[in-house]
Amino acid sequence: MGVVALLCSRNEHKRRELERSLPGWKIELLDVDEYPEEQGETFYANARAKARYGRARAPAEAWVLGEDSGLEVAALEGRPGVKTARWAQGRHVERILEALQGVADRRARYVCELVAIAPDGRETRGTGTLEGTISEEPRGSEGFGFDPVFVPQGERRTVAELGEEWKARHSHRAKAASALLAALGYRES
């Protein structure tokens, strides 16, 4: 495949995870001084805005990727949702454990939207979700964000315990990447 894409983000963790989830793609971070504030009502709107921002600044021959993701918690009526990063303020684990202290319903899901814009301007979208629950305490050392407290449905370990290789195949971002590849017509071999 041999695609080089610029991810419209400063997040090295996301870059690495997407590169693992998009076989044959080389993902680099778009080097800009500042990104616009996320103002969309949906993950898709934010991902698309990032991709369009990147398309206007990237070399003409490059693909660009916009990504937006977050956590939706049942007991918090779907929050923090599209405001996850601002809500967590870098304290993802602490904030979610505080918010769910004494709460029995700990159902949650990760959501990811990816928008790729080809050099010719074609836009393609991939969506992924990962259902699970929030544990009572953090466990594991791999991953980032909520990974130490997010237990995927059907698992007993947190994403941080399951590790990077598991994430590359099963995370919400991996599922969005797989959907994106399918929408682009790529088949797994």
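What this report covers is the structure whose coordinates are included nearby.

The rules we used
Residues numbered from 1 in each chain as written. Predicted model: local features only at pLDDT ≥ 70, side-chain atom pairs only at ≥ 80, totals over all residues. Heavy atoms only, no water. Helix = DSSP H or I, 4+ residues; strand = E, 2+ residues; numbered from the N terminus. Contact = heavy atoms within 4.5 Å. Polar contact = N/O pair within 3.5 Å; in protein donor to acceptor, adjacent residues only side chain to side chain. Buried < 20%, exposed > 50% of the residue type's maximum accessible area, 1.4 Å probe, protein only. Pairing = 2+ DSSP bridges. Axes fitted to C-alpha atoms, helices over the stretch in contact; angles between N-to-C directions. Parallel < 35°, antiparallel > 145°, perpendicular 65-115°, else oblique. Left-handed = near helix turned anticlockwise from the far one by under 90°. Phe/Tyr/Trp six-rings, centres within 6.5 Å; stacked < 30°, edge-to-face > 60°. Lys NZ or Arg CZ within 6 Å of the ring centre and 35° of its normal.

The residue N11 is located in the loop between strand 1 (3-7) and helix 1 (12-21) in this model. Between the alpha carbons of N11 and K26 there is a distance of 15 Å; along the sequence they are 15 residues apart. Beyond its immediate sequence surroundings of up to four residues, N11 is in contact with L29 and F144. Here the side chain of N11 touches H13 through a polar contact of 2.9 Å, landing on its backbone nitrogen. Polar contacts involving the side chain of N11 include one to the main-chain amide nitrogen of K14, which spans 3.0 Å.

This paragraph deals with the side chain of N46. For N46, the position within the fold is in helix 2 (residues 43-57). For N46, a relative accessible area of 2% gives the class buried. A polar contact is formed between the side chain of N46 and the backbone nitrogen of Q39, at a distance of 3.5 Å. Here the side chain of N46 touches D68 through a polar contact of 3.1 Å, side chain to side chain. When sequence neighbours within four positions are dropped, the list of residues in contact with N46 reads E38, Q39, G40, D68 and V82.

So, on to the sheet that holds strand 2 (residues 25-29). Pairing between the strands of a sheet is mediated by backbone hydrogen bonds and can be parallel or antiparallel. Across the sheet, six strands lie side by side as 2-1-3-4-5-6; this open sheet has mixed pairing. Across the chains shown, the open sheet's two edge strands, defined by having one partner strand only, are strand 2 and strand 6 (150-152). In this sheet, adjacent strand axes meet at a mean angle of 35° when their direction is disregarded. Pairing between strand 1 and strand 3 (residues 63-73): three bridges, direction parallel. Looking at strand 3, one finds that L6 is bridged to V64. Against the sheet, helix 1 touches strand 1, strand 2, strand 3 and strand 4 (107-117), its axis set at about 170° to strand 2.

Moving on to the packing of helix 1 against helix 7 (residues 172-183). At their nearest, the axes of helix 1 and helix 7 sit 9 Å apart, and the two run at 50° to each other. As the angle between them shows, helix 1 and helix 7 are arranged oblique. Between helix 1 and helix 7 the crossing geometry is right-handed. Of the residues in helix 7, those touching helix 1 at K14, E17, L18 and S21 are R173, A174, A177 and L181.

For the coordinates displayed, the defined rule picks out three aromatic pairs. With centroids separated by 5.8 Å and ring planes inclined at 50°, the aromatic side chains of Y35 and Y53 adopt a geometry described as tilted. Placement of Y35 in the loop between strand 2 and helix 2 and of Y53 in helix 2 is noted, with a sequence separation of 18 residues between them. On the accessibility criterion, Y53 (18% relative accessible area) is buried. The ring of Y53 carries the charged tip of R57 above its face, separated from the ring centre by 3.6 Å. A cation sits over an aromatic face here: R125 above Y44, 3.9 Å from the ring centre.

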